[in-house]
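# Coordinate inspection notes
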Number of protein chains: 2
Amino acid sequence: MALIEKNGEIREASCKEELTAMRESVEILGGKWKLHIMRYLANRPCEKNSFKKMQREIDGISAKMLSKELKDLEVNLLVTRTLLETKPVTVEYQITEYGRGVLPLTETLVSWGLKHRSKIRED
Amino acid sequence: MALIEKNGEIREASCKEELTAMRESVEILGGKWKLHIMRYLANRPCEKNSFKKMQREIDGISAKMLSKELKDLEVNLLVTRTLLETKPVTVEYQITEYGRGVLPLTETLVSWGLKHRSKIRED
DNA sequence: CTGGATCCCTTGTGATACTG
DNA sequence: CAGTATCACAAGGGATCCAG
């Protein structure tokens, strides 16, 4: 059972609240790239993850999508954006400590996907 | 670390294989309704989950989407479809034992969503 | 009752060219 | 280098009607 904190009190979330929470999670983390980006940054916590480098290394992502997704993730406090006053300017992205909270989710998805593939193949 | 079974041998999945697995999971379970439906059926394992009843009880879903989503879920062995020769015919859906394997995922999403909401509100 | 067919609108995503 | 603007297209999803 999931717990919810509202107006200072902690209680059990209702079924409807759980559904809403799930939908919000999917909205925030769903789509083709968000979790991919999170994993990418999680695997490179100490490197200089410049925009250009990310675009080169994340399989087929376009600048437009990378820009948009990073902005969304930043709004949700999952990544940080650091502008460096080099010439020309560079920008570095890093996953936040809070952002690491999505890693259990990506792990669940990875292992489910692997199991599912063998399940589907076996019949 | 996630394990993968391929050609009879078991080994650790490569980073790329993990990404592919994650993407497949999102493709199969993503979208607006799939996980919602799975939770609905998981909470009603013994009831007669007719198409009509589901459409009435799952918030704003249209017949088209419910039909399509259930078909997708059935192909992936996550739900079963039983045609009853009543007059007129009725159809019952149930979550499979295998399908219950997605419940840890929905729980993760629920609790992440609840935590995230309070996180975002607090600043 | 189930759910397919059709039409239509919105959103997501990609390609390319361009600016500070 | 880091993005934005624009165009174009595919996919997601809703409404309605209809057939078995």
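See the structure above.
Everything in this summary refers to the structure shown in the same document. (Residues numbered from 1 in each chain as written. Chains lettered and ligands numbered in written order. Predicted model: local features only at pLDDT ≥ 70, side-chain atom pairs only at ≥ 80, totals over all residues. Heavy atoms only, no water.)

## A closer look at the packing of helix α2 (residues 34–42) of chain A against helix α1 (residues 15–29) of chain B
Formally: Angles shown run from 0 to 180 degrees and are taken between the N-to-C directions of axes, each axis being a line fitted to C-alpha atoms and, for helices, limited to the stretch in contact. By definition, any uninterrupted DSSP run of H or I lasting at least four residues is a helix, any uninterrupted run of E lasting at least two residues is a strand, and each is numbered from the N terminus. Here roughly perpendicular refers to angles of 65 to 115 degrees, roughly parallel to angles under 35, roughly antiparallel to angles over 145, and oblique to all remaining angles. With the far helix as reference, a near helix turned anticlockwise by less than a right angle produces a left-handed crossing, and one turned clockwise produces a right-handed crossing. A contact between two residues is defined here by any heavy atoms of the two lying within 4.5 Å.
Between α2(A) and α1(B), whose axes approach to 10 Å, the crossing angle comes to 155 degrees. Classified by the angle between their axes, α2(A) and α1(B) sit roughly antiparallel to one another. The handedness of the crossing between α2(A) and α1(B) comes out as right-handed. Residue-level contacts link Leu35(A), His36(A) and Arg39(A) of α2(A) to Glu18(B), Leu19(B), Met22(B) and Arg23(B) of α1(B).

## Focus on the nonpolar core
In summary, soluble globular proteins display a tendency toward joint burial of nonpolar side chains. Our working definition: Among buried residues, those of type Ala, Val, Leu, Ile, Met, Phe, Trp, Tyr and Cys that are joined through side-chain atoms within 4.5 Å constitute a nonpolar core. Exposure is judged per residue with a 1.4 Å probe applied to protein chains only, and the accessible area is read against the type maximum: over 50% gives exposed, under 20% gives buried, and values in between give partly exposed.
By size, the foremost hydrophobic cluster in this structure holds 66 residues, and its most contacted members are Ile37(A), Met54(A), Ile37(B) and Met54(B). If sequence neighbours within four positions are ignored, Ile37(B) has contacts with Met54(B), Ile58(B), Ile61(B), Leu66(B), Glu69(B), Leu70(B) and Leu73(B).

## Let's talk about the protein's contact with DNA strand D
The criterion, for reference: Definition of nearness: a residue and a molecule or strand are near each other if at least one heavy atom of the residue lies within 4 Å of the molecule or strand. The definition of a polar contact used here is a pair of N or O atoms within 3.5 Å, where within protein one atom must be able to donate a hydrogen and the other to accept one, and adjacent residues in sequence count solely through side-chain atom pairs. Gly is put with the polar residues, along with every residue not named as nonpolar or charged; the nonpolar set is Ala, Val, Leu, Ile, Met, Phe, Trp, Tyr, Cys and Pro, and the charged set is Asp, Glu, Lys and Arg.
Residues in close proximity to DNA strand D total 16 residues, the closest being Lys52(A), Ser67(A), Arg81(A), Tyr93(A) and Lys64(B). When atoms of DNA strand D within 4 Å of the protein are split into backbone and base, the sugar-phosphate part holds 73%. A distance of 3.1 Å is found between a phosphate oxygen of DNA strand D and a backbone nitrogen or oxygen belonging to Lys32(B). At 3.5 Å, a side-chain N or O of Trp33(B) approaches a phosphate oxygen of DNA strand D. Elements with a minimum of two residues in the surface near DNA strand D: α3 (51–57), α4 (63–75) and β4 (90–95) of chain A together with α4 (63–75) of chain B. When grouped by side-chain class, the residues that make up the surface near DNA strand D number 7 nonpolar, 3 polar and 6 charged.

## Notes on the relation of the copies chain A and chain B
Counted only if it meets this: Residues reaching a pLDDT of at least 70 in both copies supply the C-alpha atoms on which the copies are superposed by least squares.
Aligned on chain B, chain A shows an RMSD of 0.1 Å; the corresponding rotation is 180 degrees and the shift along the axis is 0.0 Å. One copy is carried onto the other by what is essentially a two-fold rotation axis. Both copies contact each other with a shared surface, as 100% of the interface residues of chain A are interface residues in chain B too.

## Quick notes on the packing of α2(A) against α4(A)
Residue and element names in this part refer to chain A. One can describe the packing of α2 onto α4 by two numbers: an axis separation of 10 Å at closest approach and a directional angle of 75 degrees. Classed by the angle they form, the pair α2 and α4 counts as roughly perpendicular. Across the interface between the two elements, Lys-34, Ile-37 and Met-38 of α2 pack against Leu-66, Glu-69, Leu-70, Asp-72 and Leu-73 of α4. A class-by-class count of the residues in the contact of α2 with α4 yields 5 nonpolar, no polar and 3 charged.

## Topic: the interface of chain A and chain B
Definition in use: When two parts are brought into contact, each loses some accessible area as probed by a 1.4 Å sphere; the total of that loss over both is the buried area. Salt bridge, as applied in this entry: a Lys or Arg side-chain nitrogen positioned within 4 Å of an Asp or Glu carboxyl oxygen.
Taken together, the contacts link 47 residues of chain A with 47 residues of chain B. For the chain A and chain B pair, buried surface summed over both sides reaches about 4,100 Å², with 65% attributable to carbon and sulfur atoms. Of all residues in chain A, Met22(A), Tyr98(A) and Trp112(A) bury the most surface against chain B, accounting for 16% of the area lost on that side. At the boundary of chain A and chain B, one finds 4 salt bridges. When the shortest N-O distance is used, the salt bridge between Glu18(B) and Arg39(A) registers 2.4 Å. Scanning the region where chain A abuts chain B turns up 12 residue pairs in polar contact (both at pLDDT 80 or more). When contributions to the side of chain A that touches chain B are tallied by element, the ones reaching two or more residues are β1 (3–6), α1 (15–29), α2 and α5 (103–122) of chain A. With 15 residues, α5(A) is the largest single contributor of residues to the side of chain A that touches chain B.

## Brief notes about the pairing of strand β2 (residues 9–12) of chain A
Residues and elements named next belong to chain A. As a reminder of what qualifies: Two strands pair if DSSP finds at least two bridges between them.
Sheet topology places β1 next to β2; 4 bridges connect them, and they run antiparallel. Its bridge partner being in β2, Lys-6 is matched across the sheet by Glu-9. Counting the residues in the hairpin turn of β1 and β2 gives 2 residues, including Asn-7, whose phi is positive at 55 degrees.

## Description of the protein's contact with DNA strand C
Surveying the vicinity of DNA strand C reveals 17 residues, the closest of which are Lys32(A), Lys64(A), Lys52(B), Lys71(B) and Arg81(B). Close to the protein, within 4 Å, the atoms of DNA strand C belong to sugar or phosphate groups at a rate of 74%. Within the contact set of DNA strand C, a phosphate oxygen lies 2.6 Å away from a side-chain nitrogen or oxygen of Lys32(A).

## Brief notes about the environment of Lys115(B)
Considering the arrangement of structural elements, one finds Lys115(B) in helix α5 (residues 103–122). When the C-alpha atoms of Lys115(B) and Ile61(B) are compared, they prove to be 27 Å apart, with 54 residues separating the residues in sequence.

## Comments concerning the pairing of strand β3 (residues 79–84) of chain B
Where β3(B) lies against strand β4 (residues 90–95) of chain B, 6 bridges are found, and the strand directions are antiparallel. Looking at the pairing, Leu83(B) lines up with Val91(B) of β4(B).

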